[in-house]
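Structure at a glance
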Amino acid sequence: MVMAPQQSERKPATTGSVKTPMTMTEKILARASEKPQLRPGDNVWVNADVFMTNDISGPGSIGIFNKEFGENAKVWDREKIVVVPDHYIFTSDERGHLEGIFHGAKYQANPDYKGVCHIALAQEGHCRPGEVLLGTDSHTCTAGAFGQFATGIGNTEAGFVLGTRSLLLKVPPTLRFVMEGEMPDYLLAKDLILQIIGEISVAGATYKSREFVGTTVESLNMEERMTLCNMVIEAGGKNGVVSADSTTFKYLEDKTSVLYEPVYSDAQARFDISKLEPFVAKPHSPDNRALARECKDIKIDRVYIGSCTGGKTEDFLAAAKVFLASGKKVKVPTFLVPANQKVWVDIYTLTVPGSGGKTCSQIFEEAGCDTPASPSCAACMGGPKDTYARMNEAQVCVSTTNRNFPGRMGHKEGQIYLASPYTAAASALTGYVTDPREFLH
């Protein structure tokens with residue numbers, strides 16, 4: 001159930017100078033704009049704590065900055081600006097390289113290469129509760145899992161932020177999603193977010209903050225919370241947030257020494273989502289929701305496990321769990337693309353529970369999957385024709401990515417079924433869209 005919190009249900013804040021009840025997003029933007037209180041619809045100048053850009057939007061953003069501020073101008077704080085090449089770096093197409101600087105050969109052999117920007121931001125300690133993170137990528141909202149206001153912006157806005165730190169933002173209203181109850185062992189956060197998008201549509205949260213709360217959310221690890229927030233944009237959301245708690249603080253212990261101050265919503269409304277089954281999003285929209293078991297007759301040509309949504313360590317552990325439980329080999333090409341270098345290392349070093357000491361890589365090899373590729377966005381965004389795992393033919397793919405619009409992964413007539421790593425792995429084993437409970441139970 002989805003509902004915007006009612007003003008009358010809010011309780012007064014108990015700390016700080018803000019005495020009017022506010023949501024988490026409103027509190028973060030109030031701090032960043034030095035305002036005592038904010039309401040949805042207010043337009044305020046917000047100071048960013050971190051700015052991120054990548055190889056596809058960086059050239060445009062930097063070009064606008066140079067044009068408007070001068071060729072010799074300096075950015076507002078070089079220590080708070082993060083540039084991550086990740087989209088089109090493993091290609092021989094020179095148009096995919098940022099002025100010849102971001103060339104794939106430099107990264108494949110470089111242990112310091114960070115991989116997909118949204119996962120790299122988290123693992124490098126740039127995602128901190130109570131702060132504002134602006135980035136030139138729509139999935140910047142992933143960082144909201146840390147109780148941070150994080151949203152994607154355009155190149156023109158980015159050029160201005162590079163020079164001033166500030167951006168004029170309209171305060172979004174908040175939709176709160178409360179998920180209660182123990183998570184069934186056949187579900188992952190990808191199933192939860194596909195259910196929500198299917199419920200409210202790809203326009204159901206347009207320019208709204210989506211706040212995820214409840215005992216189910218509290219039980220999720222950080223990577224699963226990142227999956228929830230990653231796909232708020234697929235329903236038009238301005239940002240997504242999860243309250244920081246002991247799970248958040250534990251994750252950040254060895255990743256940042258920067259002091260941060262979490263904030264929490266004053267409202268305490270509760271809404272229920274329970275007894276879900278594994279979902280997929282059918283072509284050609286993330287809100288084209290269906291139960292995985294309802295699509296069991298859909299024959300597929302390939303499976304893709306990767307991206308900022310489904311290429312984290314926990315995602316590969318989940319896929320390995322299904323392969324291990326089945327003891328079978330995949331029936332279609334199965335591509336594995338870690339989100340960053342740490343995930344790639346984890347695939348080869350972390351043992352899978354109940355495997356007798358086997359790593360993900362060993363289980364993937366035994367199942368007949370492709371060798372894990374170098375970390376990048378790879379085929380999630382299509383890219384040049386030589387991009388790893390790109391759909392260059394009109395095929396049917398089950399993917400752990402976040403968008404399934406025509407041409408998203410390459411060929412305009414390709415069909416993409418979005419799914420969790422559990423469902424993707426189960427489908428790889430049968431050659432059809434498959435409910436993972438066939439192997440997990």
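Above this text you will find the structure in question.
Bear in mind the structure is a predicted one, so any value in this text is a computation, not a measurement.

A few points about the overall build of the chain
Within the chain, the secondary structure is distributed over 15 helices and 16 strands. Contacts in the chain between residues at least 24 apart in sequence constitute 73% of all its contacts with a sequence separation of at least 6. With an accessible surface of roughly 17500 Å², the chain has 50% of that area assigned to carbon and sulfur atoms.

Remarks on the pairing of strand 16 (residues 415-419)
Where burial is concerned, most of strand 16 is hidden: 4 out of the 5 residues are buried. Bridge count between strand 11 (residues 279-281) and strand 16: 2 bridges; the pairing is antiparallel. Pairing of A281 across the sheet is with L418, part of strand 16.

Looking at the environment of G431
Secondary-structure assignment places G431 in the loop between helix 14 (421-430) and helix 15 (437-440). Counting along the chain gives 130 residues from G431 to D301, while the straight-line C-alpha distance between them is 7.1 Å.

Description of the sheet that holds strand 4 (residues 81-84)
Pairing in this open sheet of 4 strands is parallel, and the strands run 4-3-5-6 from one edge to the other. Unpaired on one side and paired on the other, strand 4 and strand 6 (149-152) mark the two borders of the sheet. Strand-to-strand twist across the sheet, computed as the mean angle between neighbouring axes with direction ignored, equals 15 degrees. Summarising the sheet, strand 3 (residues 50-54) and strand 5 (residues 132-135) pair through 3 bridges and their orientation is parallel. Residue pairing for strand 5: F51 is matched across the bridge by L134.

Considering helix 1 (residues 24-33)
Counting buried residues along helix 1, 9 of its 10 residues qualify, which places the element largely inside the surrounding structure. On its buried side, helix 1 packs onto strand 2 (43-47), strand 5, strand 6, strand 7 (166-170), strand 9 (209-213) and strand 10 (239-242). E34 lies just past helix 1 and shows a positive phi near 60 degrees.

Some points on the environment of A425
Mapped onto the elements of the fold, A425 is located in helix 14. Expressed as a C-alpha distance, the spacing of A425 and V330, which sit 95 residues apart in the sequence, is 8.3 Å. Once residues within four sequence positions are removed from consideration, A425 is found in contact with A319, V322 and F323.

Here we look at the pattern of salt bridges
Scanning all chains against the criterion turns up 19 salt bridges. E26 is the salt-bridge partner of R39, the closest N and O atoms lying 3.9 Å from each other. Residue R39 is found in the loop between helix 1 and strand 2, and its partner E26 is found in helix 1; the two are separated by 13 residues along the sequence. For R165, the salt bridge is made with D49, and the minimal N-O distance between the two is 3.7 Å. Here the residue R165 occupies a position in the loop between helix 5 (155-164) and strand 7, and D49 occupies one in the loop between strand 2 and strand 3, the gap between them amounting to 116 residues. Of the residues examined, D49 reaches a relative accessible area of 10% and is grouped as buried. It is possible to trace a salt-bridge network through shared partners that takes in E277, R293, D435 and R437.

Observations regarding the sheet that holds strand 12 (residues 289-291)
The 6 strands lie next to each other as 12-11-16-15-13-14, forming an open sheet whose pairing is mixed. Of all strands in the sheet, those bounded by a partner on one side alone are strand 12 and strand 14 (334-337). Ignoring which end each strand starts from, the neighbouring axes of this sheet average 25 degrees apart. Pairing of strand 11 with strand 12 involves 3 bridges; the strand directions are antiparallel.

Quick word on the packing of aromatic side chains
What the rule picks out here adds up to 9 aromatic pairs. Cluster of aromatic residues (ring-pair linked, three or more members): F316, F323 and F364. The ring of Y251 has K255 sitting right over it, with the charged end atom 4.1 Å from the ring centre. One residue, R437, lies across the ring of Y186, its end atom 4.7 Å from the ring centre.

A short note on a nonpolar patch on the surface
A cluster of nonpolar side chains, W45, F69, F160 and L168, forms an exposed patch at the surface whose accessible area comes to about 390 Å². Within the secondary structure, W45 sits in strand 2. What makes W45 partly exposed here is its relative accessible area of 48%.

Digging into the side chain of T25
Turning to its location among the elements, T25 is positioned in helix 1. Looking at T25, the relative accessible area reads 1%, which means it is buried. The residues touching T25, leaving out its near neighbours within four places in the chain, are F149, P172, S209, N239 and V241.

About the cut-offs
- Residue numbers here run from 1 along each chain, matching the order of that chain's written sequence.
- Two thresholds apply to this predicted model, a pLDDT of at least 70 for residue-level local features and 80 or more for giving and counting side-chain atom pairs, whereas whole-chain, interface and lining totals are computed over all residues.
- Note that the side-chain values use all heavy atoms of the structure and ignore hydrogens as well as water.
- The way it works is that DSSP assigns letters per residue, a run of H or I at least four long becomes a helix, a run of E at least two long becomes a strand, and they are numbered from the N terminus.
- In this description, contact between two residues means that some pair of their heavy atoms is separated by no more than 4.5 Å.
- Under the convention used here, a 1.4 Å probe and the Shrake-Rupley method define accessible areas, while residue burial counts only the protein chains that appear.
- For every residue, the accessible area obtained with a 1.4 Å probe (protein chains only) is divided by the maximum for its type, and the residue is called buried under 20%, exposed over 50%, and partly exposed between those limits.
- Paired strands are those between which DSSP finds at least two bridges.
- Fitted lines through C-alpha atoms give the axes, limited to the stretch in contact for helices. The angle between two N-to-C directions lies from 0 to 180 degrees.
- For salt bridges, the criterion is a side-chain nitrogen of Lys or Arg within 4 Å of an Asp or Glu carboxyl oxygen.
- Only centres within 6.5 Å qualify two rings of Phe, Tyr or Trp (six-membered ring in Trp) as a pair; their planes then separate them into stacked at under 30 degrees, edge-to-face at over 60, and tilted for everything else.
- Remark: a charge is flagged as sitting over a ring if the NZ atom of Lys or the CZ atom of Arg is within 6 Å of the ring centre and within 35 degrees of the ring normal.
- Nonpolar side chains (Val, Leu, Ile, Met, Phe, Trp, Tyr) within 5 Å and like charges within 9 Å form the patches, drawn only from residues with over 30% relative accessible area and no salt bridge.

Read these as geometric descriptors, not functional statements.
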